[in-house]
There are 2 protein chains.
Amino acid sequence: MAFWDDLNALALAQFRPGVLSRAKLGQGLVMACLEIGPGLADQGHEHNFEQCGVLLSGSIEMFIGDEQRVLAPGEAYFIPAGARHGWRTLDEPARLLDVCAKPA
Amino acid sequence: MAFWDDLNALALAQFRPGVLSRAKLGQGLVMACLEIGPGLADQGHEHNFEQCGVLLSGSIEMFIGDEQRVLAPGEAYFIPAGARHGWRTLDEPARLLDVCAKPA
């Protein structure tokens, strides 16, 4: 299916505890709508592919290399290949559209 | 810069007549915020890389293969490699976050 309905209302499925997701797996791109529950964190990791996206609703603290920000809706991020990055949700869920180049 | 401010207010530069853009060029991903003026159209084209994105504001009619939709803000699209696709703006500008796998 080429189109997705409003991402803010899109039905998502359980992906990991506290994380809902719907993903479109292409040959080289993965487009995912994610909703991360409050109070969760990824202390940091890195991978050899690039990733980017935009926060749709809520808020999320994110670091990419030595840059850090609490994102507001509409703010976007770009994670270079190999850059250490992580995130932390605060007291509300964060919904994002996230796109990555599929791992080789 | 790892983060972009609110895409709805982000300053963009002239890219083509009637089209403003700001892009982040990665090794394998291109993340672009685009604003397409009203009354413009791309009758259709195809390329061998995948592309996806979300409409941030305004509206845009888009077709991908044999699927067609007038997108509202928050709606997303995924263009498979090789799929013919095109778009037409209506009476207001369309602002999008668009991501593609960089042409090889």
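Values in this document were obtained by computation on a predicted structure and should not be read as measured data. Going along each chain's sequence as written, the residues are numbered from 1 onward. Here every chain gets a letter starting at A, and every ligand a number starting at 1, in the order they are written. In keeping with the model being predicted, local features are shown solely for residues with a pLDDT of at least 70 and side-chain atom pairs are shown and tallied solely at 80 or more, while totals for entire chains, interfaces and linings include all residues.

Quick look at the sheet that holds strand β11 (residues 94-101) of chain B now. In space, the seven strands of this open sheet follow the order β1(A)-β9(B)-β6(B)-β11(B)-β4(B)-β3(B)-β2(B), with antiparallel pairing throughout. In this open sheet, the two strands that pair with only one neighbour each are β1 (3-4) of chain A together with β2 (13-16) of chain B. Only strands that DSSP links by at least two bridges are regarded as paired with each other. By the criteria applied, helices consist of DSSP H or I runs no shorter than four residues and strands consist of E runs no shorter than two, each listed in order from the N terminus.

We call two residues in contact when the distance between their C-beta atoms, placed using the backbone, is within 7 Å. Each partner contributes residues to the interface: chain B has 32 residues there, and chain A has 32 residues. At the level of elements, β1 (3-4), β4 (29-36), β6 (51-57), β8 (67-71), β9 (76-79) and β11 of chain B are the ones that each hand at least two residues to the side of chain B that touches chain A. Inspection of the sheet shows β1 of chain A paired to β9 of chain B by two bridges, in the antiparallel sense. Following the sheet pairing, Trp4 of chain A is matched in β9 of chain B by Ala76 of chain B.

Looking now at the relation of the copies chain B and chain A. Rotating chain B by 180° about the axis while translating it 0.0 Å along that axis superimposes it on chain A, leaving an RMSD of 0.0 Å. Here the transformation between the copies is reduced to the relation of a two-fold axis. Here 100% of the contact residues of chain B are again contact residues in chain A; the copies associate through an equivalent surface. Superposing copies: least-squares fit, C-alpha atoms only, residues required to have pLDDT of at least 70 in both.

Attention now goes to the pairing of strand β2 (residues 13-16) of chain A. Residue and element names in this part refer to chain A. For β2 and strand β3 (residues 19-25), the ladder comprises three bridges, and the chain directions are antiparallel. The residue bridging Arg16 from the neighbouring strand is Val19, located in β3. Once β2 ends, the chain turns through two residues before running back antiparallel as β3, passing Gly18 with a positive phi of about 85°.

Ordered by their spatial adjacency, seven strands build an open sheet running β2(A)-β3(A)-β4(A)-β11(A)-β6(A)-β9(A)-β1(B), and the pairing between neighbours is antiparallel. This sheet does not close on itself; its edge strands, each paired only once, are β2 of chain A together with β1 of chain B. Bridge count for β3 of chain A against strand β4 (residues 29-36) of chain A is seven bridges, and the pairing is antiparallel. From the neighbouring strand, Val19 of chain A faces β4 of chain A, where its bridge partner is Ile36 of chain A.

Once that is clear, we can look at the nonpolar core. Here, a nonpolar core denotes buried Ala, Val, Leu, Ile, Met, Phe, Trp, Tyr and Cys residues that are linked to one another through C-beta atoms within 7 Å. Three classes are used. A residue is buried when 20 or more other C-beta atoms lie within 10 Å of its own, exposed when 12 or fewer do, and partly exposed in between, with C-beta atoms placed from the backbone. Ranked by size, the top nonpolar core spans 54 residues in total, and within it Cys52 of chain A together with Cys52 of chain B carry the most contacts. If sequence neighbours within four positions are ignored, Cys52 of chain B has contacts with Leu29, Met31 and Val99 of chain A together with Ala76, Tyr77, Phe78, Ile79 and Val99 of chain B.

All names here are of chain A. Of all seven residues in strand β6 (residues 51-57), six are buried, a share of seventy percent or more. Pairing between β6 and strand β9 (residues 76-79): four bridges, direction antiparallel. If you follow Gly53 over to β9, its bridge partner there is Tyr77.

With that out of the way, let us pick up the environment of Met31 of chain B. Of note, Met31 of chain B is situated in strand β4. Residue class for Met31 of chain B comes out buried when judged on the 24 C-beta atoms lying within 10 Å of it. For the pair Met31 of chain B and Glu61 of chain B, spaced 30 residues apart in sequence, the C-alpha separation works out to 21 Å. Each residue touching Met31 of chain B, except ones within four places of it in the same chain, is listed here: Cys52 and Phe78 of chain A together with Ala23, Lys24 and Val99 of chain B.

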